[in-house]
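For reference, the chains in residue letters:
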Amino acid sequence: MSALSSRTVSPEMWGGPAARCAALSERGSWFPDAKFGMFIHWGLYSELGGCWQDKAYHGIGEWIQWRARIPAAEYARVAQRFHPVDFNAREWVRTVQDAGMRYLVITAKHHDGFAMFRSAVSPFNIVDATPFKRDPLAELAEACRDVGMPLGFYYSQTQDWHEPDAVGNEWDAVEGERRFDRYLEAKALPQIEELLTNYGDVAILWFDTPGPIAREDSLQLQARIRQLQPGCLINSRIGNELGDYETLGDQEIPRQPHGGLWETIDTHNDTWGYVAHDRNWKAPAEILRRLVQVAACGGNYVLNVGPDGRGRIPALADRMLQSVGTWLEANGTALYGTIPAVASVPWGACTARDKTLYAHVFDWPRDGRLLLPGVPGARVRSVRNLHDGASLAVEQLPEHIVVQTPAMPPDAFASVVVLELDAPLVAQNPRPSLLSGWPLRMDAANAERSGCRLRKRSWMEKFGDWKHAECLEEWEVPGGEARWTFDVPEAGAFYLDLEYSSPTEGDEGSEWILRCGSSETPFVLLGTGESHGDEANPRLLLRKCRIGLLEFTRGSGQAVAIQPKDAAGRQTRLAAVTLVPARIES
Ligand code: FHN
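Residues numbered from 1 in each chain as written. Predicted model: local features only at pLDDT ≥ 70, side-chain atom pairs only at ≥ 80, totals over all residues. Heavy atoms only, no water.

## Some thoughts on the side chain of Lys 282
Counted only if it meets this: Think of it this way: any DSSP run of H or I at least four residues long counts as a helix, any run of E at least two long counts as a strand, and we number them from the N terminus. Partly exposed describes any residue whose relative accessible area lies between the buried limit of under 20% and the exposed limit of over 50%, with all areas from a 1.4 Å probe on protein chains only and scaled to the type maximum. The charge count treats Lys and Arg as positive and Asp and Glu as negative. His and the chain ends do not count. Salt bridge, as applied in this entry: a Lys or Arg side-chain nitrogen positioned within 4 Å of an Asp or Glu carboxyl oxygen. Identification of polar contacts relies on pairs of N or O atoms within 3.5 Å, with a donor-acceptor requirement for protein atoms, meaning one able to donate a hydrogen and the other able to accept it, and with residues adjacent in sequence counted only if both atoms are side-chain atoms. Here, two residues are considered to be in contact whenever any of their heavy atoms come within 4.5 Å of each other.
In this structure, Lys 282 sits in the loop between β9 (262-266) and α10 (284-297). Although Lys 282 lies buried, it forms no salt bridge, and the closest oppositely charged side chain, Asp 266, sits 4.0 Å away as judged by the N-O distance. There is a polar contact of 2.5 Å between the side chain of Lys 282 and the backbone oxygen of Thr 267. Separated by 3.5 Å, the side chain of Lys 282 and the backbone oxygen of Asn 269 make a polar contact. Not counting the four nearest positions on each side in its chain, Lys 282 is found in contact with Asp 266, Thr 267, His 268, Asn 269, Ile 287, Arg 290 and Met 320.

Structure representation (structure tokens):
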């Protein structure tokens, strides 16, 4: 097995999607209904808090050993002062519950190779190597068991920077051949056995960065888990398209429904492991918006918390999670156990259960009218606010539903409007509507396209802070075209904005044609340049460019289309077009 080398930090390190779970009823039937989980990254790196030898590292803190090239022996000495006396398993589990989260996954061993549990396999573990001497995973397992909370263990199976035979540590000199099979047999497999033997029921074995792991190694890991705990779920990062469910890319929030069993994992600030100087917390409304968006696309949302070296969950994170939990306490019926309904409405997203549709409204309508896509084959029987039960007037048009809403949103973060139908909602992907007063964003993936390709791009901004976009690329000139079709329930004027990246240098840019109805307008897209030399996964500098004002009359099936006119447009990566309402008359 080769070292991860240049693929160490690229989207390939996540492996492909999982094989579909064959026996969900026996294994992990709890998973799709849970919707919201907590991820905890906690290890020796938490003691360092993103700082090594007075230098602050920005980005993900659990990679500090790799980034500062700390020799394994020197890093191991951090254990001598790792003494998380404030760790309290029951309090952590209460925090998970109070946040409305329904399962917990914690790092048993991250890439630094340090076991956060008692291990007879390697003395590099929290019980044997630190003054703390306790086994936090045992305490957590007991606390979770007492309240019936599914508990999962993260285990870095491929990278282990402490072990010369494993993958990832390219800075410590190693004598002789690196033998991954030796590491797998001597450490990874026996430690996984310990985790599956000593801690009761393990709900998930959460693998990471499979990178170059061979198929037979992933199969061996999977077989061992099935043998010891057949009920344990395995995520797709076991590698080689195995596992029971898919873990999307880090911080990847889909915009469109995504099939199968899956989860999105997200950071609360810009790191997984504790970083003392990272204050970029997502506020509760943003967390809820991401959670609801993921649920409306059919997945689970797992939000990370990074406790510090004393075992404390950062106070601000804790407070914000409590606010999230308060919202879920009141509105959880609109989330847990629901199915995806509508992922792309400008004011939020919709989930559903049986004959009930839940509209999660993050941006409350200012004109007192909430417009929803139609519900083919069903009649709306009644509409109410979930918050206070107040019933709301509704008009059901052939393609839309219009709900009369009060001036003020009933809930500070997101108000849920509940629509009771006379028949179950049929899964649909409605044509978008250009609603007056609301921007309509249409992604690359929604375009009818010819002479161009749709590609998923992922790139890092701060180290380990991933961004994702699907883009239309490799435009043919002539012949390339992208077209978006939508309904216009009310006439209006809208600006057309493009979100794109173009490595073309120079001010000239590329010339394009915009088609709308019978009109054809040329426009120019300036080069954005690229700041990153990784050709396979360049860092995109996505830029918004306003093309101009368009007027639409009422009518269904209207479209905007764009085409590159000159060869300079070939390399453009187009992520989205947005129609932004413009008020012309007073
Ligand atoms: O390298 C790890 C990283 O430290 C963190 O654990 C994340 C969580 O998904 N997984 C890997 C990068 O994708």
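So much for the structure itself; the text now carries on.
## Some points on the packing of helix α5 (residues 89-98) against helix α7 (residues 136-147)
Just so we agree on the cut-off: Every angle, taken between N-to-C directions, lies between 0 and 180 degrees, and every axis is a line fitted to C-alpha atoms, over only the stretch in contact when it is a helix. Note on terminology: angles under 35 degrees are roughly parallel, angles over 145 are roughly antiparallel, angles of 65 to 115 are roughly perpendicular, and the others are oblique. Throughout, a crossing is termed right-handed when the near helix is turned clockwise from the far one, and left-handed when it is turned anticlockwise from it by less than a right angle. The nonpolar class holds Ala, Val, Leu, Ile, Met, Phe, Trp, Tyr, Cys and Pro. Asp, Glu, Lys and Arg form the charged class, and all remaining residues, Gly among them, are polar.
At a closest axis distance of 8 Å, the pairing of α5 and α7 adopts a crossing angle of 45°. Classified by the angle between their axes, α5 and α7 sit oblique to one another. Between α5 and α7 lies a crossing whose hand is right-handed. Across from Ala 89, Arg 90, Trp 92, Val 93 and Gln 97 in α5, the residues of α7 making contact are Glu 139, Leu 140, Glu 142, Ala 143, Cys 144, Asp 146 and Val 147. Across the contact of α5 with α7, the residue classes break down as 7 nonpolar, 1 polar and 4 charged.

## Let's talk about the site of the ligand
Basically, it comes down to this: Nearness is judged by heavy atoms alone; a residue qualifies as near a molecule or strand once a single heavy atom is within 4 Å of it. Here, Shrake-Rupley sampling with a 1.4 Å probe gives the accessible areas, and only protein chains in the shown set may cover a residue. Residues are said to line a cavity or pocket when one of their atoms sits within 4 Å of a point; the points come from a 1 Å grid over protein atoms alone, cavities being sets where a 1.4 Å probe fits but cannot get out and pockets being open sets with protein on both sides within 12 Å along at least five of seven lines. Whether a molecule lies in a cavity or pocket depends on its atoms, and more than half of them have to be within 2 Å of the grid points.
Neighbouring the ligand are 15 residues; Trp 14, His 41, Glu 62, Asp 208 and Asp 250 lie closest to it. The contact in question runs from an oxygen atom of the ligand to an N or O atom on the side chain of His 41, over 2.7 Å. One nitrogen or oxygen atom from the side chain of His 110 is found 2.8 Å from an oxygen atom belonging to the ligand. Alone, the ligand offers 320 Å² of accessible surface; in the complex the protein occludes 99% of this. Counting atoms within 2 Å of the grid points, the majority share of the ligand lands in the largest cavity.

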